[in-house]
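Observations on the model geometry
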Amino acid sequence: MNTKQVDFSLRLALQDGEPCGALFAKEEIAGVAENVTEARDRIERGRGKGPLAFLELPYSYGSSDRRTAFGDTFSQTLGTIHEAANRIRAARGQFVHVGIGGSALGAITLVTALGVTKSMGYECPAEIHVPDNVDPDWIGELLHRLDLTRVYANVVSKSGDTTETIATFALLLEVMREKSNLSPAELRRRIFVTTNPEEGALAELARSEGFTILPLPDAIHGRFSVFSPMGLLAAAVAGIDVGELLEGARVADERTARAPFGDNPSLQFAALHYVGLTQKGISNLILLPYSNRLRTVGDWYSQLVAESLGKQGQGMTPVKALGVTDQHSQLQLYIDGPKDKLVVVFSVARHAETLRIPNSLASNSAYTYLAYKTFNDLFKAEREATEVSLHLHGVPNCRFELAELSPFNMGYLLTVLEKTVCILGELLSVNAFDQPGVEESKEYARAMLGKSGEQYDQLREIVAKLSK
Ligand code: PA5
């Protein structure tokens, strides 16, 4: 196990003195510890093959001695990513990551949490845009804002046939070709395609056009692809230390693969979900980061939980919220509404900024208590107040705390969460890696857009009957 200091903690009912996990007695958690640990062990035995191959991603770029199921698939990839990111940053490029769902959320999450800011003393020279929706107003607005001479793109689709991604890519490519005055050779150098290199229309198109392909092998499923080129190219463009990110992922993987229940955040977090689902009637998972930069971890984990576990009448409905903001919006319901919620707080102990609340207010007795306080004190007090209220009202809750926002800590956190979901899939006997409901809606959309073929004719008939 790597000896690097882990700046990370998960506070649960198991830790004395923490106002967490109010509805879950230690005995209830302990009662499932064995089941959860056995599920983890089954996963560990199956790793490296099939859909669990993604667990090997942090080891597969050649920076570790471990031989992975991906062989040399990724041996050149980090070099290509760094070279591309340096070029894009040097050109003060506008980097457009085109993808949706699992092919976008990892990139969005990394860039939002770790992208450099003025607080860190310098700014990212490149702009990053992730059009992960096909709202014409939004896409149109982006096109108006792009300076086409500075645009670079990473088009991400494992299947290569997600309609939204392909349509957005087609539009971007057309405007780049028609309006940028870039030579065909330069245009080719600016487009990266992250897809399954072995099959699919997108890989074929990339090869015929001469775009650089970054591999997203069949075994890696969209929402588990954050440590593939899907997440890493955007991260590198944002100036994030990709090596540290992967190191955090490796350390978390090693710990969660072996550590016993009492020292294993994935096992403990899975146990909270499992007790909630099977014994407590918990159906809502409230994701409440007290950090604007971690807001998109809520989006990312929502997808992971919803698409992986929402099957056969099972699953928890994720609710994305933000502390402090949603204390003034949803907290009333969490505290006093139906007791069907597990609240998961994400927090950061050390912020990049320390902001003082001006003492000028202190002369007014109504505000004296704010004298000599900082926004950091305020933010922490608000978070603790929420945790205490949840506790006093019997609402189960737990907290992931990062000592600071760093690539290592983010790699660690995301890995703990990925492994939690794998364990839960095993415990609930569902395939955590498919998404038949999503595929069904993709097929209906294609049918409605007129795709030809017998299967689409049948779908159109169903739709026609429904609209009668
Ligand atoms: O997590 C998933 O598997 C999905 O959200 C996919 O990532 C999403 O549907 C996009 O698929 P693709 O990468 O094939 O374009």
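Since the structure is predicted, the reported quantities are computational estimates derived from the model, not experimental observations.

Calculation criteria
Residues numbered from 1 in each chain as written. Predicted model: local features only at pLDDT ≥ 70, side-chain atom pairs only at ≥ 80, totals over all residues. Helix = DSSP H or I, 4+ residues; strand = E, 2+ residues; numbered from the N terminus. Rg over C-alpha atoms; globule rule 2.2 N^0.38 Å. Buried ≥ 20, exposed ≤ 12 C-beta atoms within 10 Å, placed from the backbone. Contact = placed C-beta atoms within 7 Å. Pairing = 2+ DSSP bridges. Axes fitted to C-alpha atoms, helices over the stretch in contact; angles between N-to-C directions. Core = buried A, V, L, I, M, F, W, Y, C linked by C-beta atoms within 7 Å. Domains from an automatic or database assignment. Near = placed C-beta within 6 Å. Nonpolar A, V, L, I, M, F, W, Y, C, P; charged D, E, K, R; others polar. Parallel < 35°, antiparallel > 145°, perpendicular 65-115°, else oblique. Left-handed = near helix turned anticlockwise from the far one by under 90°. pLDDT = per-residue confidence, 0-100.

On to the overall build of the chain. Along its length, the chain carries 16 helices and ten strands. In terms of overall size, the chain behaves like a compact globule, its C-alpha atoms giving a radius of gyration of 23 Å where 468 residues would be expected to give roughly 23 Å. For the chain, the spread of C-alpha atoms along the principal axes amounts to about 65 × 60 × 55 Å. Within the span of the chain, comprising 468 residues, buried residues form 44% of the whole. Taking as baseline every contact in the chain between residues at least 6 positions apart, the subset at least 24 positions apart corresponds to 74%.

With that settled, consider the sheet that holds strand β6 (residues 212–215). Spatial ordering of the open sheet is given by β3-β2-β4-β5-β6, a layout of five strands whose pairing is parallel. With partners counted over all chains shown, the strands left at the sheet margins are β3 (127–129) and β6, one partner each. Averaged over all pairs of adjacent strands, the angle between their axes in this sheet comes to 20 degrees, without regard to strand direction.

The next subject is the environment of N181. Looking at the secondary structure, you find N181 in the loop between α5 (163–179) and α6 (184–189). Considering only alpha carbons, one finds N181 and L142, 39 residues apart in sequence, at a separation of 19 Å.

Moving on: the nonpolar core. The biggest cluster of nonpolar side chains holds 119 residues, and the ones touching the most others in it are L110, L233, A235 and V237. Examining the composition of this core, we find that twelve residues originate from one element, helix α14 (residues 407–427), more than from any other. Formed jointly, this core draws a minimum of three residues from each of two domains, domain 1 (6–48 + 253–428) and domain 2 (51–244). Residues contacting L110, with those up to four places away along its chain left out, are V226, G231, A234, A235, I240 and M410.

A few words on the site of the ligand. Around the ligand, the surrounding shell holds 15 residues, and the nearest of these are G101, G102, S159, T162 and G222. Of the residues contributing to the shell around the ligand, the split by class is two nonpolar, ten polar and three charged.

In the contact formed by helix α3 (residues 105–114) and helix α11 (residues 295–309), the axes pass within 8 Å of each other and the chain directions differ by 160 degrees. Considering their axes alone, α3 and α11 lie roughly antiparallel with respect to each other. For α3 against α11, the interelement crossing comes out left-handed. Touching L105, G106, I108, T109, T112 and A113 of α3 are R295, T296, V297, D299, W300 and Q303, all from α11. Counted by class, the contact of α3 with α11 contains five nonpolar, five polar and two charged residues.

Successive residues of a regular strand alternate their side chains across the two faces of the sheet. Sheet topology note: the strand β5 (residues 191–195)/β6 ladder contains four bridges and is parallel. If you follow T195 over to β6, its bridge partner there is P215.

Here we take up the environment of L267. With respect to the secondary-structure elements, L267 resides in helix α10 (residues 265–279). Spatially, the C-alpha atom of L267 lies 41 Å from that of I139, the residues being 128 residues apart in sequence. With residues up to four places along the chain from it excluded, the contact list for L267 reads V36, T37, R40, F261 and I423.

Attention now goes to the pairing of strand β2 (residues 94–98). Within β2, five of the five residues are buried, which leaves the element mostly enclosed by the surrounding structure. Of the two faces of β2, the one carrying Q94, V96 and V98 and the one carrying F95 and H97 are both buried. Where β2 lies against β3, three bridges are found, and the strand directions are parallel. Residue pairing for β3: F95 is matched across the bridge by I128. As defined by bridge partners, β2 adjoins strand β4 (residues 151–156) across five bridges and the pair is classed as parallel. Note that in β4 the partner of V96 across the bridge is A153.

Moving on, we get to the domain arrangement of the chain. Once the domains are mapped, the chain shows domain 1 (6–48 + 253–428), domain 2 (51–244) and domain 3 (442–467). Computed from C-alpha coordinates alone, the two centres of domain 2 and domain 3 are separated by 31 Å.

Before going further, it helps to examine the packing of α10 against α14. The description of two helices packed together rests on the angle between their axes and the distance between the axes. With their axes 8 Å apart at the nearest point, α10 and α14 run at an angle of 50 degrees to one another. In terms of orientation, α10 lies oblique with respect to α14. As for how α10 packs across α14, the hand of that crossing is right-handed. Packed against α10, whose contacting residues are P265, S266, L267, F269, A270, H273 and Y274, the element α14 presents V416, K419, T420, I423, L424 and L427 at the interface. Classifying every residue of the contact of α10 with α14 gives nine nonpolar, three polar and one charged.

What follows concerns α3. The buried count for α3 comes to ten of ten residues, which makes it a mostly enclosed element. Taken residue by residue, α3 has L105, G106, A107, I108, T109, L110, V111, T112, A113 and L114 as its buried positions. Tucked inside the fold, the buried residues of α3 contact β2, β3, α8 (229–237), α11 and α14.

To continue, consider the confidence of the model for the chain. The predicted model of the chain averages 92 in pLDDT, with 93% of residues at 70 or higher. Scored below 50 in pLDDT, residues 13–21 makes 23 contacts in the model with residues more than four places away or belonging to other chains.

The subject of this paragraph is unusual backbone geometry. Here the bond from G323 into V324 is cis, since omega is 5 degrees, no more than 30 degrees from zero. On the secondary structure map, V324 appears in the loop between β8 (317–320) and α12 (331–336). The backbone phi angle of R92 is positive, close to 45 degrees, even though this residue is not glycine. By secondary structure assignment, the location of R92 is in the loop between α2 (77–90) and β2. On the basis of neighbour count, R92 is assigned to the exposed category, with 12 C-beta atoms found within 10 Å. Positioned with a positive phi, S429 is a non-glycine residue whose angle comes to about 55 degrees.

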